[in-house]
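The chain contents come next:
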Amino acid sequence: MVKTVYILGAGASAAEGAPVVRNFLRVAYRYFKEERNETDLDIVWDFLEHFYGQRTKISSGEDLDRYPGIDEIFNIVDWYLLHNQAFSRRFSRPRLFHLKNALVKLISMTLDRSLPPQEGIHHSFVTGVLGKGKEPPTFISLNYDIVLDKALRGAGYALEYGFYGSHGDHLASRKKIPLYKLHGSLNWSFCPLCGEISEHEEKVAHLLFGSGNNITCPYCGGENSQAIIIAPTLYKSYKISRLQNIWDGAVGAISHSDRLVIIGYSLEAADTSFIATIKRALNAPDKNREIVVVNPNERACKRYLQIFGEGCEIHCTGFTGQVI
Ligand SMILES: [Zn+2]
């Protein structure tokens, strides 16, 4: 039986209407500053106004196009927090914690506002690929949003996020579909007391604002759960063993696959951790796998030839929910 692994990147969610990294801040500003003033997020705009040193006034969404993408801003803030550093006098460590929470809230709210509640492209895609073969596929997602999660649940499957690694027989018997989300998820909370990640039906990341949130850990009753929205390049710095299990589960799935289908992922040169991970997984064992790419960007399509060679089948087209 053919084992297929689907990897979904930002382009898959963008096909449903999510803003891409490049224009995320502009869209968020329009929603939560221009249309209505979401004061919880003011710290984000304040940080960006002081990003270049002295204050650079932001007066419209277009002003945000000159900034690095939301991912890079998030990475930079996370870097200071993980390395016990401050950014400036204005942005001390406590303020950076506050800023990180606001960024999580901004990402969550912006995705919420721009993505359809259900019945979108992912829904037809999931129905199509699950009806295709006897062997259920494995999904790997690089997105924080829960569009794919909802589509899989909507199709009647329970999800296996791989917090405890992959265990094939166990999965099959429980009719669960593996979905490894390498950058975290908006519906997960991490308990710093016992180290467990809990899954929730709906998004919780934006509720996990430092101390005083209502989410208690179901394993130990601990408080102060945190969001898991992480930068791929920094994931090792988090030293969360459950997260390591998720990455290991993804590697195992790719290693055992016969077909690898990569949708809406641009394979940026900066994504070293993920590229190195896929390449290594494909070599253990090195077998003749089918690699299929769906991406509308010509430059990204050429990148795939650089990394995977001529053998890979490239569809230089957008994701429309087509069954591949
Ligand atoms: Zn706990």
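Residue numbering note: each chain is counted from 1, following its sequence as written. Selection of residues for local features in this predicted model requires a pLDDT of at least 70, selection of side-chain atom pairs for listing and counting requires 80 or more, and totals for whole chains, interfaces and linings are taken over all residues.

- Per an unreviewed UniProt entry, the protein chain goes by NAD-dependent protein deacetylase and derives from Pelotomaculum propionicicum.

A closer look at the sheet that holds strand β2 (residues 138–141)
For step 1, the next point in the chain: In space, the seven strands of this open sheet follow the order β3-β4-β2-β1-β8-β9-β10, with parallel pairing throughout. One side of each edge strand has no neighbouring strand; the edge strands of this open sheet are β3 (158–160) and β10 (313–315). Each adjacent strand pair in this sheet contributes to an overall mean axis angle of 20°, direction not counted.
For step 2, the next point in the chain: Two strands are said to pair when DSSP picks up at least two bridges between them. Numbering goes from the N terminus for both helices and strands, where a helix is a DSSP run of H or I of at least four residues and a strand is a run of E of at least two. Examined bridge by bridge, β3 and strand β4 (residues 176–181) share three bridges and lie parallel to one another. Counted as the bridge partner of E160 is P178 from β4.
For step 3, the next point in the chain: Helix α7 (residues 147–154) contacts β1 (4–8), β2, β3 and β4 of the sheet and is inclined by roughly 180° relative to β4.
For step 4, the next point in the chain: Contacting β1, β2, β4 and β8 (259–263), helix α10 (residues 241–256) runs over the sheet at an angle of about 115° to β4. With axes taken as lines fitted to C-alpha atoms, and helix axes fitted only over the stretch in contact, angles between N-to-C directions fall between 0 and 180 degrees. Here contacts are defined at the residue level, using C-beta atoms placed from the backbone and a cut-off of 7 Å between them.

A look at the sheet that holds strand β6 (residues 197–199)
For step 1, the next point in the chain: The sheet built from three strands is open, its strands ordered β6-β5-β7 with antiparallel pairing. Among the strands making up the open sheet, the edge pair consists of β6 and β7 (226–229). Put simply, the sheet's adjacent strands are angled 45° from each other on average, direction ignored.
For step 2, the next point in the chain: Sheet topology places strand β5 (residues 184–190) next to β7; four bridges connect them, and they run antiparallel. If you follow S185 over to β7, its bridge partner there is I228.

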